[in-house]
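Below, each chain spelled out in residue letters.
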Amino acid sequence: MRRPAVAVLNGCNLNMLGRRDPRHYGAITLAELDDLVVSRAAAAGFAECACFQTNHEGSLVEKIQEFSKDLDGMIINPGAWTHYSFAIHDALELVEAPVVEVHLSDIVARPEEWRRRSVISDVCDRTITGKGADGYLEAIDWLAEGL
Ligand code: DQA
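Residues numbered from 1 in each chain as written. Predicted model: local features only at pLDDT ≥ 70, side-chain atom pairs only at ≥ 80, totals over all residues. Heavy atoms only, no water.

### Side note on the packing of aromatic side chains
Phase 1: All told, the structure shown has zero aromatic pairs when counted by the stated rule.
Phase 2: Directly above the ring of Y25 sits R20, whose terminal nitrogen or CZ lies 4.4 Å from the centroid.
Phase 3: Looking at K63, its charged tip hangs above the ring of F52, at a distance of 4.8 Å from the centre. (Phe/Tyr/Trp six-rings, centres within 6.5 Å; stacked < 30°, edge-to-face > 60°. Lys NZ or Arg CZ within 6 Å of the ring centre and 35° of its normal.)

Below, the structure written as structure tokens:
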């Protein structure tokens, strides 16, 4: 039997965590976030946790396609693509495992109107916003409940 696996996909500009506005994104770096998520995934019962970040929309689409099968849970924070990428929306439709959309900041409470809309929420099983890094950990725990 295949070992339980989770994938954590971060999109554009999330490699700049630690330097981006800490009021919205906190002080954590992406490397620190990945470490936290990998440890939590192991503690929650996942044998594998793949972390991936890209600033290229097509690369994220290809990674989602790669993980559309043989996966037990996906966490995705597409960054700004959240608000307009129908390509990422359509790729997520093919993912067989449960998908959790996570945002560090509370996108619906932010001042820019364009940021309050997510075009991927309807193809995700859950959305967690505004909890910083804890949102990723909550997503891991929620996905682990389904193992
Ligand atoms: C974000 C929110 C987006 O609006 C923004 O473009 C990001 C990060 C978040 O995690 O809060 O890059 O997805």
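### Focus: the pairing of strand β1 (residues 5-10)
Phase 1: With respect to burial, β1 is a largely interior element, six of its six residues being buried.
Phase 2: Where burial is concerned, the two faces of β1 agree: the one with A5, A7 and L9 and the one with V6, V8 and N10 are both buried.
Phase 3: Two elements, β1 and strand β3 (residues 73-77), share five bridges in a ladder whose sense is parallel. Looking at β3, one finds that V8 is bridged to I75. (Buried < 20%, exposed > 50% of the residue type's maximum accessible area, 1.4 Å probe, protein only. Helix = DSSP H or I, 4+ residues; strand = E, 2+ residues; numbered from the N terminus. Pairing = 2+ DSSP bridges.)

### Brief notes about helix α3 (residues 57-66)
Phase 1: Within α3, the full set of buried residues consists of L60, V61, K63 and I64. Across the axial projection of α3, the buried residues extend over an arc of 165°, all falling on one side. Of the residues in α3, the exposed ones pointing more than 90 degrees away from the buried face are E62 and E66.
Phase 2: Where α3 is buried, its residues contact β1, β2 (48-53), β3 and α4 (86-92). (Arc of directions from axis to C-beta. Contact = heavy atoms within 4.5 Å.)

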